[in-house]
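One letter stands for each residue in the lines below.
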There are 4 protein chains.
Amino acid sequence: MIAEKIGFLGLGSMGAPMARNLLNSGLAVTVYNRTRTHAETLSLDGAEIADTPAGAIVEGGIAITMLAHDAALEAVTLGPDGILEKLGKGGLHISMSTVSPETSKKLAALHAANGSLFLSAPVFGRPEAAAAKKLWICQSGSGEAKQRAEAILDILGQGIHDFGDDPGAANVVKLSGNFMILAAIESMAEAQALAEKNGIDRAALASFFGQTIFSCPIYQNYGRTLAERAYEPAGFKLALGMKDVRLVRDVAEAAMVAMPLADLLHARLLTSLAKKRGNLDWTAIELVTAEDAALRSMTAAN
Amino acid sequence: MIAEKIGFLGLGSMGAPMARNLLNSGLAVTVYNRTRTHAETLSLDGAEIADTPAGAIVEGGIAITMLAHDAALEAVTLGPDGILEKLGKGGLHISMSTVSPETSKKLAALHAANGSLFLSAPVFGRPEAAAAKKLWICQSGSGEAKQRAEAILDILGQGIHDFGDDPGAANVVKLSGNFMILAAIESMAEAQALAEKNGIDRAALASFFGQTIFSCPIYQNYGRTLAERAYEPAGFKLALGMKDVRLVRDVAEAAMVAMPLADLLHARLLTSLAKKRGNLDWTAIELVTAEDAALRSMTAAN
Amino acid sequence: MIAEKIGFLGLGSMGAPMARNLLNSGLAVTVYNRTRTHAETLSLDGAEIADTPAGAIVEGGIAITMLAHDAALEAVTLGPDGILEKLGKGGLHISMSTVSPETSKKLAALHAANGSLFLSAPVFGRPEAAAAKKLWICQSGSGEAKQRAEAILDILGQGIHDFGDDPGAANVVKLSGNFMILAAIESMAEAQALAEKNGIDRAALASFFGQTIFSCPIYQNYGRTLAERAYEPAGFKLALGMKDVRLVRDVAEAAMVAMPLADLLHARLLTSLAKKRGNLDWTAIELVTAEDAALRSMTAAN
Amino acid sequence: MIAEKIGFLGLGSMGAPMARNLLNSGLAVTVYNRTRTHAETLSLDGAEIADTPAGAIVEGGIAITMLAHDAALEAVTLGPDGILEKLGKGGLHISMSTVSPETSKKLAALHAANGSLFLSAPVFGRPEAAAAKKLWICQSGSGEAKQRAEAILDILGQGIHDFGDDPGAANVVKLSGNFMILAAIESMAEAQALAEKNGIDRAALASFFGQTIFSCPIYQNYGRTLAERAYEPAGFKLALGMKDVRLVRDVAEAAMVAMPLADLLHARLLTSLAKKRGNLDWTAIELVTAEDAALRSMTAAN
């Protein structure tokens, strides 16, 4: 049994079910969200609600953050009433947001200077997976931080994969994965456009590949989404996908790795944003391919 | 039991195990290969050997072709001693090569004019899968052709997926699949380069994704191949991959579908050919990304 | 004074003014065009009209071809009533169309086998330049052919630039030039989109660069065309531009030169054709950039 | 005659000849450079030397900045002993560096709050052009600032082009221009590779286009540089070109304009940096194309 006091910060579509799972496992969790209403729904599950980031944690306790971007993570950590100082000696910050490796390295150093631990532990999985405790977690940081976080991460996901000591490493893995997912989406979008123009049913194509050489969830689920253009409601918003590809490009530039496929994906996302599709699911980058090909299914649909 | 006389034309790394499986199932198979020595190894399995394409088949019988490219398929079908006329009334040509949809449409029309049937039935799977009868087969053509081919295709593969009447449709599906596989390879190559430059083990990255969000053979096997740069011996030669992407671009141009990702893959392949890597496995397009990033693992390896 | 009998084949928007210039210089010219009406307008200028390609030339005389593509050039040269055999011993074929180097090499060999000369002499310049004798001519082929063609080419253009003996070389130069022009168009299109979104007048931007660092006709004229979106009537049809970029890609693939910029231009053209813009000027590839950026000027214009 | 006291900050390869021209025109100029030795060479031309940015200017006077990047401009303006406060009421800051439009807008607002004027006036031209007073200047900002700067800019360049009130506009024009120059370089690099592989002399190709359809300095000078691979000494360092394309991409992302050609150029630059070519001239991006094509001229040269 985990006796530690946990503060959970960030209750979006991912954070809320994750916090709920901790509560349902019998843990004492205080939650914080910038928009307080999102926090209140968790009080039914037994959460205490804090009005500030620092209010959600205790000295020497554990803070879990699951926020939309680097700026939000920095705000709750370093901003007024942030967790950095309050966490103090003996504390642990488990950072699960998709952020840049630079931010992780910076926060790890600042926490160390304050006597607390920092673990980078971003996740793969949509909100349904978060609710079902089926997240895939990749982690990196100090061994001490990993040991202390283990029981908590075991509750949240179906597997923890370790990427060493560098607190930025897990973030690079997470960004690589989102890049690969979006690359798979683009490849399916182009293939489906080619098929449609040649009289082949998009759904039949997706189904075939999902049953055979690409029999994994990414191709099965996104393949169907693309065939049906089921872009609303968004499982993962296109605008957030842009944020991630932007981070991929930043990391690639810093590391001097030319990634032309990442550039293509960025162009798809940027065109989608110019066309005001930021709130659609990120699979909606497909519409650019479809419009460029003047697909008949587009005319029919609109 | 299939009583029909079968001529099998094309005994490369795919055709040979396929013909062997038919022989081992008790079928009467006459084989033909341009280089006769490849045919002779099959005589141990009970194959009769023909010196010409036409010599491998009987009037009204079945011809199965598994050749390297459109020109070879046209040569055995339409060339001197080709199968077109000999097959004549009541014959069936099962075309399993990766060729253009245009060639399939043309051959289907010519066979029809000669009173015989044509089925387009390209396959997914490497030589090991062919040997293990684990090929995935996609087919398109007339219902009559499909009915007659079914028992034979059931021997060769683990599943037949139908894409309708248009004899070119199955070829478009096959080309789309090879495009998607190569796109997955490129995405893994870029991700592994990014990871390596950030101090992450390439094999660890590949293993993580193969166990989690990309838990399908394409990512598992190719991910490992890429991490280890195990490009020899080639499972599928890069030069053949170029042929396929060239066909993808031809179909895309005819259908007016801009496919920037296919263009990127073509550029990778073309650079690889300029660097004399045509006999390596097609995963070796990764070397372009690695060289562009000046990866340390490249210097170490070379 | 040129005493030779000249047959001029191909009276499109380029060929017609070129033939007229030869007639106005006092030369004896017989013209041929597949659509005879185009030929008839030249009879006012003193042209004789032929009903077949061969009918336009005399044995040992000169044939000038200015046709839309490789197939048309092959048809008038090698087809029924073609010029190849009739030209015979001592003849000269000046090929001025934009075609592939392979076609030039093939025709040069066939003419040589028939005892006649072949000169590849494609041109740069729009119809107005053709009318004003301001074409830029690049040539390649045998010295003998060049010597004999010189006086004629001097009438048609403002300068002849030599690229050696290989009959395909001049075609590669011509294709390179059209590639570079279209690349300049794409760069202006992207720059103008960026400028417009930042509140800068497109025409002002084009004017500035045309007066300063890019003070040459390509940037001056096309820059203005792009700023005004004056895509009709077409100076050079987008569909013909596609033909040229296709040839560039064929030559690049044969030579194993990855040309990602050529691929980008091809994608722009293909999208434009899918959107039925083949009859607009080739500068109209700009509309893809404008649509992708959701430029306000697009909404205003449509 | 300009009676005002001028402080000139930034004496790199561009700033030094510009400051010298002002001195030679009889103006009173105090110079500042972070590395003082660069400033000292100008004392022979009559310059006074300051030890701090603020030391180079007088209250209500004129500051001209010509620095390597946004950070340097911000440092001399906003940093310790920066010019912002000292310039005070009635001062004018003429900002001639290649920086982001955002930085210009920010500085313009800060100067306005201090009662001084700000003019964005970036330039086109290499060091030789700066020395010869042949720079092309594009400006944007308030009318008052332009009026006061006019006599000074007239000394430095051969023409002033106005882009309105927005202080960021001139920066967007400057960035667009550098993007277009690099795009022209890439198009020449690909064309020359294609030509070389087809047996055509690179220099002959460059010369032809420079004399005909691309008869402007960019194509003439860079075309020759590329044909000869004369990348040292650098006229404009590749690493600085990367800085500019990075700014182009930032502006494009903010404005939501997909610029695939800018992405291609960025990939070329990034690969070049990974290969440690940052100190070569930016035309050296050509080496990536040459290596990818395995050009014989590369082997010969290295």
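As a convention, each chain's residues are numbered from 1 in the sequence order in which they are written. Going through the entries in the order they are written, you letter the chains from A and number the ligands from 1. The model is predicted, so local features are restricted to residues of pLDDT at least 70 and side-chain atom pairs to those at 80 or more, both for listing and for counting; the totals for chains, interfaces and linings are taken over all residues. As a convention, hydrogens and water are excluded, and side-chain values are obtained from all of the structure's heavy atoms.

### Here we look at the UniProt feature "active site" (unreviewed entry) in chain A
Residue and element names in this part refer to chain A. UniProt positions are given in the numbering used here, feature names are shortened, and annotations may be inferred rather than shown by experiment. Under the UniProt annotation, the feature "active site" (unreviewed entry) is placed at Lys-174. Helix and strand definitions here come from DSSP, where helices need a minimum of 4 consecutive H or I residues and strands a minimum of 2 consecutive E residues; each element is numbered from the N-terminal end. Here Lys-174 is to be found in helix α8 (residues 169-197). For Lys-174, a relative accessible area of 7% translates into the label buried. We call two residues in contact whenever any of their non-hydrogen atoms come within 4.5 Å of each other. With residues near it in sequence (within four places) discarded, Lys-174 still touches Thr-98, Pro-122, Val-123, Phe-124 and Cys-138. Per-residue accessibility, obtained with a 1.4 Å probe over protein chains only, is compared with the maximum for each type, and a residue is labelled buried under 20%, exposed over 50%, and partly exposed between these values.

### Overview of the side chain of Asp281(D)
Residues and elements named next belong to chain D. Within the secondary structure layout, Asp-281 lies in the loop between α12 (260-274) and α13 (286-292). On the basis of relative accessible area, Asp-281 is assigned to the buried category, the value being 2%. A distance of 2.6 Å separates a polar atom in the side chain of Asp-281 from a polar atom in the side chain of Thr-283. Among residues more than four places away in sequence, those in contact with Asp-281 are Arg-126, Tyr-222, Tyr-231, Ala-234, Gly-235, Phe-236 and Leu-238. Under this definition, polar contacts are N or O atom pairs within 3.5 Å; protein pairs additionally need one hydrogen-donor-capable and one acceptor-capable atom, and for neighbouring residues in sequence, both atoms have to be side-chain atoms.

### As for the environment of Thr65(B)
Residues and elements named next belong to chain B. Summarising the element assignment, Thr-65 is placed in strand β4 (residues 62-65). The exposure class assigned to Thr-65 is buried, which follows from its relative accessible area of 0%. In this structure, Thr-65 is in contact with Leu-9, Leu-73, Val-76, Ile-83, His-93, Ile-94, Ser-95, Met-96 and Ser-97, ignoring residues within four places of it in sequence.

### Side note on the UniProt feature "domain: 6-phosphogluconate dehydrogenase NADP-binding" (unreviewed entry) in chain A
The UniProt entry lists residues 5-160 of chain A under the feature "domain: 6-phosphogluconate dehydrogenase NADP-binding" (unreviewed entry), expressed in the numbering used here. The distance from the first to the last C-alpha atom of residues 5-160 of chain A is 22 Å, and the span holds 39% helix and 22% strand.

### Some remarks on helix α3 (residues 70-78) of chain C
Restricting attention to buried positions, one finds in α3(C) the residues Asp70(C), Ala72(C), Leu73(C), Val76(C) and Thr77(C). Angular distribution of buried residues about the axis of α3(C) spans 165°; they occupy a single face of the element. Throughout, the arc means the angular range of directions from the helix axis out to the C-beta atoms.

### Quick word on the interface of chain C and chain D
Note on interface size: it is often stated as the accessible area lost on association of the parts. Listed by partner, the interface residues are 53 residues for chain C and 53 residues for chain D. A 1.4 Å probe defines the accessible area here, and the buried area is the portion of it lost by two parts on being joined, summed over both. Buried area between chain C and chain D, summed over both chains or domains, comes out near 4,700 Å², and the portion from carbon and sulfur atoms is 79%. Salt bridge, as used here, is a side-chain nitrogen of Lys or Arg placed within 4 Å of a carboxyl oxygen of Asp or Glu. Where chain C packs against chain D, one counts zero salt bridges. Taken together, the links from chain C to chain D amount to seven residue pairs in polar contact (both at pLDDT 80 or more). Listed by contribution, the elements that provide at least two residues to the side of chain C that touches chain D are β8 (135-141), α8 (169-197), α9 (202-211), α10 (217-228), α11 (238-255) and α12 (260-274) of chain C. With 19 residues, α8(C) is the largest single contributor of residues to the side of chain C that touches chain D.

### Side note on the domain arrangement of chain A
Residues and elements named next belong to chain A. With domains assigned, chain A is organised as domain 1 (6-165) and domain 2 (172-301). On a C-alpha basis, the centroid separation for the pair domain 1 and domain 2 is 29 Å. When the two sides are added together, the surface that domain 1 and domain 2 hide from each other amounts to roughly 1,100 Å², 69% of it contributed by carbon and sulfur. When the buried area of domain 1 at its contact with domain 2 is split by residue, Thr-98, Phe-124 and Arg-126 rank highest and sum to 50% of it. Our enumeration of links across domain 1 and domain 2 arrives at one salt bridge. Note on residue categories: nonpolar means Ala, Val, Leu, Ile, Met, Phe, Trp, Tyr, Cys or Pro, charged means Asp, Glu, Lys or Arg, and polar means any other residue, Gly included. Its residues assigned to classes, the side of domain 1 that touches domain 2 comprises nine nonpolar, three polar and two charged. Each domain's extent is set by a domain assignment, obtained either automatically or from a database.

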